Amino acid sequence: MDRIDLLGIPVGVLDLDQAVAAVQGLLGVGGYVCTPNAEMLEAAQRHPGLRAALRGSAFNVADGFGVVLAARLLGQTLPGRVPGIDLFTAVLARLAQSGQPVYLLGARPGIASRAADRITDEHPGLNIAGHHHGYFPAWAEAEVVQAIGHSRPALVAVALGSPKQELFMAKWAVDLSPAVLIGLGGSLDILAGEASRAPPLLGRLGLEWAYRLASQPTRWRRTLALPAFLGRVIQVRWRSRHDPDQ
Ligand code: UDP
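Residues numbered from 1 in each chain as written. Predicted model: local features only at pLDDT ≥ 70, side-chain atom pairs only at ≥ 80, totals over all residues. Heavy atoms only, no water.

1. Points about the overall build of the protein chain
Logical step 1: Per the secondary structure count, the protein chain includes 13 helices and eight strands.
Logical step 2: Its C-alpha atoms give the protein chain a radius of gyration of 18 Å, within 12% of the compact-globule value 18 Å for 246 residues.
Logical step 3: Seen through its principal axes, the protein chain has C-alpha atoms that stretch 55 × 35 × 35 Å.
Logical step 4: Here the contacts in the protein chain between residues at least 6 apart in sequence split such that 75% fall between residues at least 24 apart.
Logical step 5: For the protein chain, the exposed area adds up to about 11,800 Å²; of that, 53% sits on carbon and sulfur atoms. (Helix = DSSP H or I, 4+ residues; strand = E, 2+ residues; numbered from the N terminus. Rg over C-alpha atoms; globule rule 2.2 N^0.38 Å. Contact = heavy atoms within 4.5 Å. Areas by Shrake-Rupley, 256 points an atom, 1.4 Å probe, with all protein chains shown as cover.)

2. A word on unusual backbone geometry
Logical step 1: Each neighbour pair has its own omega, and for serine 162 with proline 163 the value is 10°, a cis peptide bond.
Logical step 2: With an omega of 10°, the peptide bond between serine 177 and proline 178 qualifies as cis.
Logical step 3: Considering the arrangement of structural elements, one finds proline 178 in the loop between helix 8 (164-176) and strand 8 (180-183).
Logical step 4: Unlike most non-glycine residues, leucine 7 shows phi in positive territory, near 50°.
Logical step 5: Position of leucine 7 among the secondary structure elements: in the loop between strand 1 (3-6) and strand 2 (9-12).
Logical step 6: Phi is positive for alanine 107, close to 75°, though the residue is something other than glycine.
Logical step 7: By the element assignment, alanine 107 lies in the loop between strand 5 (102-106) and helix 6 (111-122).

3. Some details on the site of the ligand
Logical step 1: By nearness alone, 16 residues border the ligand, and Ala107, Gly134, Lys164, Asp189 and Arg212 come closest of all.
Logical step 2: Take alanine 107: an N or O atom from its main chain is 2.8 Å from an oxygen atom of the ligand.
Logical step 3: Here serine 162 contributes a backbone N or O atom positioned 3.2 Å from an oxygen atom of the ligand.
Logical step 4: Considered on its own, the ligand offers 550 Å² of accessible surface; in the complex 82% of this is hidden by protein.
Logical step 5: Here the residues of the shell around the ligand sort into four nonpolar, six polar and six charged. (Near = heavy atom within 4 Å. Polar contact = N/O pair within 3.5 Å; in protein donor to acceptor, adjacent residues only side chain to side chain. Nonpolar A, V, L, I, M, F, W, Y, C, P; charged D, E, K, R; others polar.)

4. What about the sheet that holds strand 6 (residues 128-132)?
Logical step 1: One open sheet accounts for six strands, arranged 4-3-8-7-5-6; its pairing is parallel. Across the chains shown, the open sheet's two edge strands, defined by having one partner strand only, are strand 4 (59-60) and strand 6.
Logical step 2: The pairing of strand 5 with strand 7 (residues 155-159) spans five bridges and is classified as parallel. Within strand 7, the position partnered with leucine 105 by the bridge is valine 158.
Logical step 3: In the packing of helix 6 onto the sheet, the strands contacted are strand 5 and strand 6, and the crossing angle to strand 6 comes to about 155°. (Pairing = 2+ DSSP bridges. Axes fitted to C-alpha atoms, helices over the stretch in contact; angles between N-to-C directions.)

5. Side note on the environment of leucine 73
Logical step 1: The topology assignment puts leucine 73 in helix 4 (residues 65-73).
Logical step 2: The exposure class assigned to leucine 73 is partly exposed, which follows from its relative accessible area of 26%.
Logical step 3: For the pair leucine 73 and valine 233, spaced 160 residues apart in the sequence, the C-alpha separation amounts to 7.1 Å.
Logical step 4: For leucine 73, the contacting residues outside a window of four places in its chain are Leu230, Val233, Ile234 and Arg237. (Buried < 20%, exposed > 50% of the residue type's maximum accessible area, 1.4 Å probe, protein only.)

6. Observations concerning the packing of aromatic side chains
Logical step 1: Applying the stated criterion across every chain, the model contains one aromatic pair.
Logical step 2: Positioned above the aromatic ring of phenylalanine 136, the side-chain terminus of lysine 164 is 5.4 Å from the ring centre. (Phe/Tyr/Trp six-rings, centres within 6.5 Å; stacked < 30°, edge-to-face > 60°. Lys NZ or Arg CZ within 6 Å of the ring centre and 35° of its normal.)

7. Here we look at the pairing of strand 1
The side chains of a regular strand alternate between both faces of the sheet.
Logical step 1: Here strand 1 shows one buried face, formed by Ile4 and Leu6, and one open face, formed by Arg3 and Asp5.
Logical step 2: Here four bridges tie strand 1 to strand 2, and the two strands are oriented antiparallel to one another. Opposite isoleucine 4, over in strand 2, you have valine 11 as the bridge partner.
Logical step 3: Linking strand 1 to strand 2, which pair antiparallel, is a turn of two residues; within it leucine 7 sits at a positive phi near 50°.

8. Comments concerning helix 1 (residues 16-26)
Logical step 1: For helix 1, the set of buried residues is Ala19, Val20, Ala22, Val23 and Leu26. Take helix 1 and look down its axis: the buried residues cluster within an arc of 160°, on one side only. Across helix 1 from its buried face, at more than 90 degrees, point the exposed residues Asp17 and Gly25.
Logical step 2: Tucked inside the fold, the buried residues of helix 1 contact strand 3 (31-34), strand 4, helix 5 (84-98), strand 7 and strand 8.
Logical step 3: The backbone nitrogen of aspartate 17 lies 3.2 Å from a side-chain oxygen of the residue at the head of helix 1, namely aspartate 15.
Logical step 4: Just past helix 1, the residue glycine 28 takes up positive phi, approximately 85°. (Arc of directions from axis to C-beta.)

Okay, here's the thing in structure tokens:
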């Protein structure tokens, strides 16, 4: 798989179909997949644990338009966004055919089971190995992991928000192998019908961040990470042009 480097974080040069095939290639092998947006890549510049988790994944996909734009600013090309939720639902369709089970971890109590119901309505034949909410205390983490392992899933949706989900996957992927883990942010809320996605047009215009900000105004501080990351990228590019030794 071709990868580009975005300020120390590798991102797969993949469109949605290629990303689905790459996840399928990991089934039965193990590992974890991250779905960074610009906010996460900015956070990784200051959070060594998140950075290490993103560097240790099987691959990362460009969840947000900011990542595609950052690549362009660095003179690199990505085929486009691969939203984590689109990747997950496309993989679910394959799992429904093959009969391989999926486990849903994350979101507030009650959400994962509602997401499981809606997913199985959408993909009859899909085997849900189990689900668990994402608000367990640190001391219960090993027990949750053990329960996931006992249910023998092929794929685990890890929707604990960032950086919690990336740190969780980096810590437990080997124990849960050969299950594949995929980090999905707020996707279970959307799949459960609790939250809505940005309209497709806004997504195409690269404005999904504006939709999230409007629907969750308390995120304003986090939204500033997008211009911060792009500013950092522009600085790196400027330096590499003016100081080729760097
Ligand atoms: N969440 C969770 N456990 C936590 C904190 C958050 O399961 O300890 C869930 C939360 O309920 C939501 C998702 O993680 O479903 C975070 O969604 P968000 O869109 O904020 O994702 P992020 O941008 O943080 O990746």
